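# Report on the structure
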Amino acid sequence: MRTRIRISLSLILILFLTLGSTLTVYAQDPDPVVRITQVDNSNFPNVTVYVSATNAAGEPVGIDPSTIQIFENGQVMQLVDVQGGGDVASQESSIPVTTMLVMDISGSMDKNDKLAGAKEAAKSYVSQMRPGDQAGLIAYDTNVYTVQPITADTAVITAAIDGLQTGSDTAMYNALMEAVKALETASGRKAIIVLTDGMDNQSSNTLETVIAGIGTSGLTISAIGFGDVAASGQAGLDEAGLKSLSEQAGGVYGYASSADVLKGLFQQQSRVLQSEYRLTYVSPSALRDGVNRNLTVALTGTPAVAEETYNPGGVLPEVSASSWPLFLMILVVLLVLLFLPGLIGGVSGALRNRKSSSGPGFGLGKQPQTAARGRIKLK
């Protein structure tokens, strides 16, 4: 009897500890920072929203997926699929990520072994890739170099990073445009991480053209500054521009004061991306009408809220099946109104031509008159 009691108490204790550890995962941060990192409407009206949850230090935190709510134009959506947010270490439930690493190899990166530190940081990011993840490498100085196209082979990417050498000036925005183009055909979660140590002084593109270039491709850009924020002119770091870039492109900005900090930032970026949630719902407005939709993500029981807009696309409005008769009728009326002036003008012109060709004595509805004068009537 006592043995049974001990066994029962042990089972209850194990169950309590298990539940307690689960609750700890979901409650480790009462006020997480929630961000909408990407919106994928390639399978519209199915809309997929990628969401990250981090603490104040930027580290990923676990949240109960059942507390996530998505609103489109103020209307709560019914989620049809929820994935991700699993334990990064065990790779459970995590979603694949495609990353383009954009590395500064300008001449200033040769000072104080900055390029060596950047290589180690980038390789540490690659070392944390999981099955299903992909990455590529673009380097830039005055020119832009696609060093390694997107691949899942971590050994190939690592070798490409090891081969980087410094060059001349800085054309960061041109490199970002190439990275955006390289990710256009990639599916799922995709991100760009750009490293720079100074001001852009060679690009034909700007922050604005990069943001416009992202368009509906649905990717994020996170920037890492590895330069001297106190320096002035071209030797300085444009932190304001990098922060604006990251904010507008859905990413985050980080500053590295040393090679160790830089490595930590790359590894943190990896953890955050791998812990994101992928949420899918069906939009109630199923037509690609080209009108922006407002998205809101909230966590019940917390003040955490994130807002974003997306556009379903569509140059011309789509027409539902039930609206085809009305659409065709309107189309016929428009065609009649378009060609009616020409038809009326053609008929009027024909009538005028007929009247003028009849000459004197010829009128509409009258028979031709014969000349009676000068004739002699024979008896």
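Only a predicted model underlies this, so the values are computations on that prediction, with no experimental measurement involved. (Residues numbered from 1 in each chain as written. Predicted model: local features only at pLDDT ≥ 70, side-chain atom pairs only at ≥ 80, totals over all residues. Heavy atoms only, no water.)

With antiparallel pairing, four strands are arranged side by side in an open sheet as β4-β3-β13-β14. Here the strands that pair on one side only, and so sit at the sheet edges, are β4 (75–76) and β14 (305–310). Relative to β14, strand β13 (residues 293–299) runs antiparallel, the two being bridged by six bridges. Across the sheet, residue T296 finds its bridge partner in β14, namely E307. (Pairing = 2+ DSSP bridges. Helix = DSSP H or I, 4+ residues; strand = E, 2+ residues; numbered from the N terminus.)

With an omega of 15 degrees, the peptide bond between F44 and P45 qualifies as cis. Mapped onto the fold, P45 is located in the loop between β1 (33–43) and β2 (46–54). Although it is not a glycine, N73 sits at a positive phi angle of roughly 50 degrees. Positionally, N73 belongs in the loop between β3 (68–72) and β4. Since its relative accessible area comes to 46%, N73 is described here as partly exposed. (Buried < 20%, exposed > 50% of the residue type's maximum accessible area, 1.4 Å probe, protein only.)

Bringing the layout of surface pockets into the picture now. Rolled over the atoms, a probe as big as a water molecule pinpoints where empty space is left. A volume near 450 Å³ is recorded for the largest pocket. Forming the boundary of the largest pocket are 20 residues, of which I214, G215, G218, E308 and T309 lie nearest the centre. Those elements that provide at least two residues to the lining of the largest pocket are β1, α5 (207–214) and β14. In terms of residues, the lining of the largest pocket owes the most to one element, β1, which gives five residues. Residues belonging to the lining of the largest pocket are distributed by class as follows: seven nonpolar, twelve polar and one charged. (1 Å grid on protein atoms, 1.4 Å probe; cavity = no way out; pocket = protein on both sides within 12 Å on 5 of 7 lines; lining within 4 Å. Points joined across faces, edges and corners; volume = space filled by probe spheres on them. Nonpolar A, V, L, I, M, F, W, Y, C, P; charged D, E, K, R; others polar.)

To continue, consider the side chain of T67. The topology assignment puts T67 in the loop between β2 and β3. With near-sequence residues (within four places) excluded, T67 lies in contact with A298, L299 and T300. (Contact = heavy atoms within 4.5 Å.)

Before going further, it helps to spend a moment on the sheet that holds strand β12 (residues 277–282). Strand-to-strand pairing in sheets goes through backbone hydrogen bonds, with the strands running parallel or antiparallel. Reading across the sheet, the four strands line up as β1-β2-β12-β5 and stay open at both edges, with antiparallel pairing between neighbours. On the outer flanks of this sheet lie β1 and β5 (79–84), each paired with one strand and no other. With direction set aside, neighbouring strand axes in the sheet form an average angle of 20 degrees. Sheet topology note: the β2/β12 ladder contains six bridges and is antiparallel. Looking across to β12, one finds that N46 is bridged to V282. (Axes fitted to C-alpha atoms, helices over the stretch in contact; angles between N-to-C directions.)

At a minimum axis separation of 11 Å, α5 and helix α6 (residues 239–248) run at an interaxial angle of 15 degrees. Regarding the angle of α5 to α6, the classification is roughly parallel. As α5 runs across α6, the sense of the crossing is right-handed. Contact residues: L207, V210 and I211 in α5; G241, S244, L245 and Q248 in α6. Classifying every residue of the contact of α5 with α6 by side-chain character gives four nonpolar, three polar and no charged. (Parallel < 35°, antiparallel > 145°, perpendicular 65-115°, else oblique. Left-handed = near helix turned anticlockwise from the far one by under 90°.)

Across eight bridges, β1 lies against β2 in antiparallel orientation. Residue pairing for β2: D40 is matched across the bridge by T48. Hairpin connection between β1 and β2: a loop of two residues separates the two successive antiparallel strands.

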